[in-house]
Amino acid sequence: MSKYWSALVSELKPYVPGEQPKMANLVKLNTNENPFGPSPKVIAAIKSELNDGLRLYPDPEGQALKEAIADYHVDFGIAPSQVFVGNGSDEVLAHVFQGLLKHDKPILFPDITYSFYPVYCGLYQIESCVMPLNDRFEIDPADYRRPNGGIIFPNPNAPTGRYLGLGHVEDILQANPDSVVVVDEAYVDFGGETAIRLVNQYPNLLVCQTLSKARSLAGLRVGFAVGNEELIEALSRVKDSFNSYPLDRLALAGAVAAFEDKQWFEDSVNGVIREREKLTAELEKRGFEVLPSKANFVFARHPEHAGEDVAALLREQGIIVRHFNKPRISDFLRITVGTADQNKALIKGLGKLS
Ligand code: PMP
């Protein structure tokens with residue numbers, strides 16, 4: 001403990017991000033990046049912005065991006081004033097925890113979920129109450145009917161990949177008209193249906209998404225939230241009290257182009273889904289239990305081999321997957337869906353299991 005730290009800092013248990021190893025030739029299937037890469041139109045937009053952009057401050061509101069996101073969701077009647085943009089959805093979520101979730105009652109989230117939520121609770125001194133997933137590793141909406149200061153869950157959930165149908169999301173919204181319900185849709189594009197379609201029906205709904213996964217822009221750091229104007233106004237107040245320029249000019253230019261290139265997005269998502277189904281079948285052939293996934297990763301365990309040992313065996317062969325040493329899921333591995341070649345390398349690597 002340092003004499004320079006506050007008591008709060010001493011108590012923090014920071015988020016531990018997945019490893020980002022530098023070695024070439026690794027088959028990196030541990031942090032759910034999209035192997036197909038961003039649209040060439042995104043690269044072109046960023047290059048063009050480089051020509052004269054860097055001298056100037058970016059638009060603090062990111063208005064062009066809000067308009068692009070609203071246009072993209074035109075079928076759901078979303079206006080730019082219903083969109084908030086930030087430096088990755090992690091930052092958007094930080095603002096949600098700072099400003100939207102109430103601090104006088106516990107907030108609710110699943111026990112097995114995105115591990116940044118408890119970290120933000122520690123940082124912003126928010127009490128939480130975790131709801132166990134059922135025996136199929138699903139969220140049970142009935143658990144979210146108790147007094148709370150807000151509710152948050154990923155859909156699909158991470159690291160399980162399990163998706164909760166919108167009817168069940170509506171059950172949670174209807175049971176909690178006085179709480180904000182945040183649906184973290186980092187992985188929704190890989191087969192789920194977005195709750196953005198419900199935003200104009202439920203003023204207590206905030207939907208967060210990211211460009212890191214389906215749009216393959218994890219390095220650019222762009223995330224956004226869609227909700228009613230009052231929720232967006234709250235997030236903007238928090239943002240302007242924190243960093244008035246969350247998105248730089250390159251990120252704004254690239255993100256706008258990403259929303260404009262719908263074809264690239266669809267091809268990329270379909271490629272991931274196709275590979276996910278092949279990977280699931282191959283893992284099952286080798287005796288793994290694989291949870292049904294609507295994400296760009298699968299969550300799998302082998303009845304005879306500990307998750308930690310399988311991860312170590314793969315690592316010896318230059319293949320990196322994610323193992324969580326946590327109760328109830330320590331047998332499992334979370335494996336990002338890679339290219340056909342990466343997935344073949346993984347399956348070949350598993351051949352060494354005795
Ligand atoms: N939510 C969930 C459920 C995630 O798994 C991630 C990625 N680690 C994020 C949010 C954050 O994504 P990003 O900050 O890259 O937008």
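Since we're looking at a predicted model, the values are computed, not measured.

Thresholds applied
- Residues numbered from 1 in each chain as written.
- Predicted model: local features only at pLDDT ≥ 70, side-chain atom pairs only at ≥ 80, totals over all residues.
- Heavy atoms only, no water.
- Salt bridge = Lys/Arg side-chain N within 4 Å of Asp/Glu carboxyl O.
- Buried < 20%, exposed > 50% of the residue type's maximum accessible area, 1.4 Å probe, protein only.
- Helix = DSSP H or I, 4+ residues; strand = E, 2+ residues; numbered from the N terminus.
- Pairing = 2+ DSSP bridges.
- Contact = heavy atoms within 4.5 Å.
- Axes fitted to C-alpha atoms, helices over the stretch in contact; angles between N-to-C directions.
- Patch = residues over 30% accessible without salt bridge, like charges linked within 9 Å, V, L, I, M, F, W, Y side chains within 5 Å.
- Areas by Shrake-Rupley, 256 points an atom, 1.4 Å probe, with all protein chains shown as cover.
- Near = heavy atom within 4 Å.
- Polar contact = N/O pair within 3.5 Å; in protein donor to acceptor, adjacent residues only side chain to side chain.
- Nonpolar A, V, L, I, M, F, W, Y, C, P; charged D, E, K, R; others polar.
- Parallel < 35°, antiparallel > 145°, perpendicular 65-115°, else oblique.
- Left-handed = near helix turned anticlockwise from the far one by under 90°.
- Expected span 1.5 Å × (residues − 1).

1. Concerning the pattern of salt bridges
Summed over the entire model, instances satisfying the criterion amount to 16 salt bridges. The partner of lysine 66 in a salt bridge is glutamate 61, and the shortest N-O contact between them spans 3.6 Å. Assessed through its relative accessible area of 8%, lysine 66 is described here as buried. On the basis of relative accessibility, which here comes to 34%, the residue glutamate 61 falls in the partly exposed class. Of the charged contacts in the structure, one is a salt bridge between glutamate 233 and arginine 237, with a shortest N-O distance of 2.9 Å. Taken together, the residues span about one helical turn, with glutamate 233 and arginine 237 both in helix H7 (residues 229-240) at a distance of four residues.

2. Some remarks on the sheet that holds strand S10 (residues 297-301)
Judged by pairing direction, the sheet is antiparallel, and its four strands sit side by side in the order S9-S10-S13-S12 without closing on themselves. Two strands lie at the open edges of the sheet, namely strand S9 (289-290) and strand S12 (322-323), each paired on one side alone. Of the pairings in the sheet, the one linking S10 to strand S13 (residues 333-336) comprises four bridges and is antiparallel in character. Looking at S13, one finds that phenylalanine 299 is bridged to arginine 334. On the sheet, helix H9 (residues 262-285) packs against S9, S10 and S13 and is oriented at approximately 10 degrees with respect to S10.

3. A word on a nonpolar patch on the surface
Where nonpolar side chains cluster on the molecular surface, the patch consists of Met1, Tyr4, Trp5 and Val9 and spans about 580 Å² of accessible area. Note on placement: methionine 1 falls in the segment before helix H1 (7-11). Assessed through its relative accessible area of 83%, methionine 1 is described here as exposed.

4. Considering the site of the ligand
The ligand sits among Gly88, Ser89, Asp90, Tyr114, Pro154, Asp184, Ala186, Tyr187, Thr210, Ser212, Lys213 and Arg221. Separating a nitrogen atom of the ligand from a side-chain N or O atom of tyrosine 114 is a distance of 3.3 Å. Between the ligand and threonine 210, the relevant distance is 2.5 Å, taken from an oxygen atom to a side-chain nitrogen or oxygen of the residue. Bound to the protein, the ligand loses 91% of the 400 Å² it would expose on its own. Examining the composition of the shell around the ligand, we find that three residues originate from one element, helix H4 (residues 88-100), more than from any other. Looking at the shell around the ligand, its residues break down into four nonpolar, four polar and four charged.

5. Some remarks on the packing of helix H3 (residues 63-72) against helix H8 (residues 249-260)
When two helices pack together, their arrangement is given by the angle between their axes and by how far apart the axes lie. Packing of H3 against H8 leaves a shortest axis separation of 9 Å and a crossing angle of 15 degrees. The angle between H3 and H8 places the two elements in the roughly parallel class. For the element pair H3 and H8, the recorded crossing hand is left-handed. Across from Ala64, Leu65, Ala68, Ile69 and Tyr72 in H3, the residues of H8 making contact are Leu252, Ala255, Val256 and Phe259.

6. Quick look at the environment of threonine 280
Locating threonine 280 in the fold gives a position in helix H9. Given a relative accessible area of 14%, threonine 280 falls into the buried group. Each C-alpha atom, one on threonine 280 and one on serine 39, is 27 Å from the other, the two residues being 241 residues apart in sequence. The contact partners of threonine 280, leaving out residues within four places of it in the chain, are Val290 and Val298.

7. Things to note about unusual backbone geometry
Omega for the peptide link from asparagine 155 to proline 156 comes to -5 degrees, which places this bond in the cis form. That bond from alanine 158 to proline 159 is cis: its omega, 10 degrees, falls within 30 degrees of zero. Positive phi, normally seen in glycine, also occurs at serine 216, with a value near 55 degrees.

8. Focus: H8
Counting along an α-helix, one turn takes 3.6 residues, and residues three or four places apart therefore face a common direction. When the terminal C-alpha atoms of H8 are compared, their 17 Å separation across twelve residues agrees well with the 16 Å that a helix rising 1.5 Å per residue should span. Within H8, nine of the twelve residues are buried, leaving the element largely enclosed by the surrounding structure. Taken residue by residue, H8 has Ala251, Leu252, Ala253, Gly254, Ala255, Val256, Ala257, Ala258 and Phe259 as its buried positions. The N-capping residue of H8, defined by a side-chain oxygen 2.9 Å from the backbone nitrogen of leucine 250, is aspartate 248.

9. Some words on the pairing of strand S7 (residues 205-210)
Counting buried positions over the six residues of S7 gives six, a clear majority of the element. Taking every second residue as pointing to the same face, both faces of S7 are buried, with Leu205, Val207 and Gln209 on one and Leu206, Cys208 and Thr210 on the other. Note that strand S6 (residues 181-184) and S7 share four bridges and pair parallel. Following the sheet pairing, valine 183 is matched in S7 by valine 207. In this sheet, strand S8 (residues 223-227) lies alongside S7 in antiparallel orientation, the contact comprising five bridges. Its bridge partner lying in S8, cysteine 208 is registered against alanine 225.

10. Regarding the side chain of glutamine 82
Position of glutamine 82 among the secondary structure elements: in the loop between H3 and strand S2 (83-86). Accessibility expressed as a relative area gives 7% for glutamine 82, which makes it buried. A polar side-chain atom of glutamine 82 sits 2.8 Å from a polar atom in the side chain of asparagine 200. Setting aside its immediate chain neighbours within four residues, glutamine 82 contacts Gly77, Val199, Asn200, Ala225, Val226, Gly227, Asn228, Glu229 and Ile232.

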